[in-house]
Amino acid sequence: MNNKNPFGRKKEVAPLESAFKDLLKAYRLEDKFQEKSVVQSWPEIVGKTIADRTSSVFIKEKKLFVKLSSGPIKKDLQMNKGKVISLIEKKFGQGIIEDLVCF
């Protein structure tokens, strides 16, 4: 019998999470994946009240841009941007977001 794998794949089994991280690292997509994760987790990070009044969230050059429909919430978020950045760093690690811009 021939024990060689005809597809040239590794025979050992890797956990899906580990394989996914290796794939992101190989294609240098780790930062983009983390940024997308922050955007997707925005409602979880800030809560329902702020998330309901958020119309747009995106990241550009390590700055998190948030478009809000409520003036008082915008002002409150600007005053507490250090706390929001701290929550993001706690959940996703440091270096992903350096500033928060509300508009």
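Keep in mind that what you see is a predicted model, and the values were worked out from it rather than measured.

Scoring rules and cut-offs
- Residues numbered from 1 in each chain as written.
- Predicted model: local features only at pLDDT ≥ 70, side-chain atom pairs only at ≥ 80, totals over all residues.
- Heavy atoms only, no water.
- Helix = DSSP H or I, 4+ residues; strand = E, 2+ residues; numbered from the N terminus.
- Contact = heavy atoms within 4.5 Å.
- Areas by Shrake-Rupley, 256 points an atom, 1.4 Å probe, with all protein chains shown as cover.
- Core = buried A, V, L, I, M, F, W, Y, C linked by side-chain atoms within 4.5 Å.
- Buried < 20%, exposed > 50% of the residue type's maximum accessible area, 1.4 Å probe, protein only.
- Phe/Tyr/Trp six-rings, centres within 6.5 Å; stacked < 30°, edge-to-face > 60°.
- Pairing = 2+ DSSP bridges.
- Salt bridge = Lys/Arg side-chain N within 4 Å of Asp/Glu carboxyl O.

Caption draft 1: Quick look at the overall build of the protein chain. Along the protein chain, the regular secondary structure elements total six helices and three strands. Reading the secondary structure of the protein chain in the N-to-C direction produces α-α-α-α-β-β-α-α-β. Long-range pairs, those at least 24 residues apart, make up 48% of the contacts in the protein chain between residues at least 6 apart in sequence. For the protein chain, the computed accessible surface area is about 8100 Å², with 53% contributed by carbon and sulfur atoms.

Caption draft 2: Quick look at the nonpolar core. Within the largest apolar cluster, 20 residues are counted, with the highest numbers of intra-cluster contacts made by Trp 42, Leu 64, Val 66, Leu 77, Ile 88 and Leu 100. Elements with a minimum of two residues in this core: helix 3 (42-46), strand 1 (54-60), strand 2 (63-68), helix 5 (71-79), helix 6 (81-92) and strand 3 (99-102). Counting residues per element, this core draws most heavily on helix 6, which supplies four residues. Contact partners of Leu 77, with chain neighbours within four places excluded, come to Trp 42, Ile 50, Val 66, Leu 68, Val 84, Leu 100 and Cys 102.

Caption draft 3: Representation of the packing of aromatic side chains in the model. Applying the stated criterion across every chain, the model contains three aromatic pairs. On the basis of an interplanar angle of 70° and a centroid distance of 5.2 Å, the ring pair of Phe 20 and Phe 33 is categorised as edge-to-face. Taken together, the residues Phe 20 in helix 1 (residues 16-26) and Phe 33 in helix 2 (residues 30-40) connect sequence positions 13 residues apart. One aromatic cluster is present, built from ring pairs that chain together Phe 58, Phe 65 and Phe 103.

Caption draft 4: How the structure looks around the pairing of strand 2. Bridge count for strand 1 against strand 2 is six bridges, and the pairing is antiparallel. If you follow Lys 60 over to strand 2, its bridge partner there is Lys 63. Sheet analysis places strand 2 next to strand 3, joined by four bridges and oriented parallel. Looking across to strand 3, one finds that Phe 65 is bridged to Val 101.

Caption draft 5: Here's a closer look at unusual backbone geometry. Residues other than glycine seldom take positive phi values, yet Arg 28 does so here, at roughly 55°. Tracing the chain through its elements places Arg 28 in the loop between helix 1 and helix 2. Even without being glycine, Glu 61 reaches a positive phi, approximately 55°. Relative to the helices and strands, Glu 61 resides in the loop between strand 1 and strand 2. You can call Glu 61 exposed: its relative accessible area is 68%.

Caption draft 6: Just the pattern of salt bridges, in detail. Per the stated rule, a full pass over the model turns up five salt bridges. Between Lys 32 and Glu 35 there is a salt bridge, with its nearest N and O atoms 3.7 Å apart. Taken together, the residues Lys 32 and Glu 35, both in helix 2 and three residues apart, mark about one turn of the helix. Here Glu 35 falls in the buried class, since its relative accessible area comes to 16%. Residue Lys 81 pairs with Asp 99 through a salt bridge whose shortest N-O separation is 3.3 Å. Here the residue Lys 81 occupies a position in helix 6, and Asp 99 occupies one in strand 3, the gap between them amounting to 18 residues. In this structure Asp 99 comes out as partly exposed when scored by relative accessible area, which is 24%.

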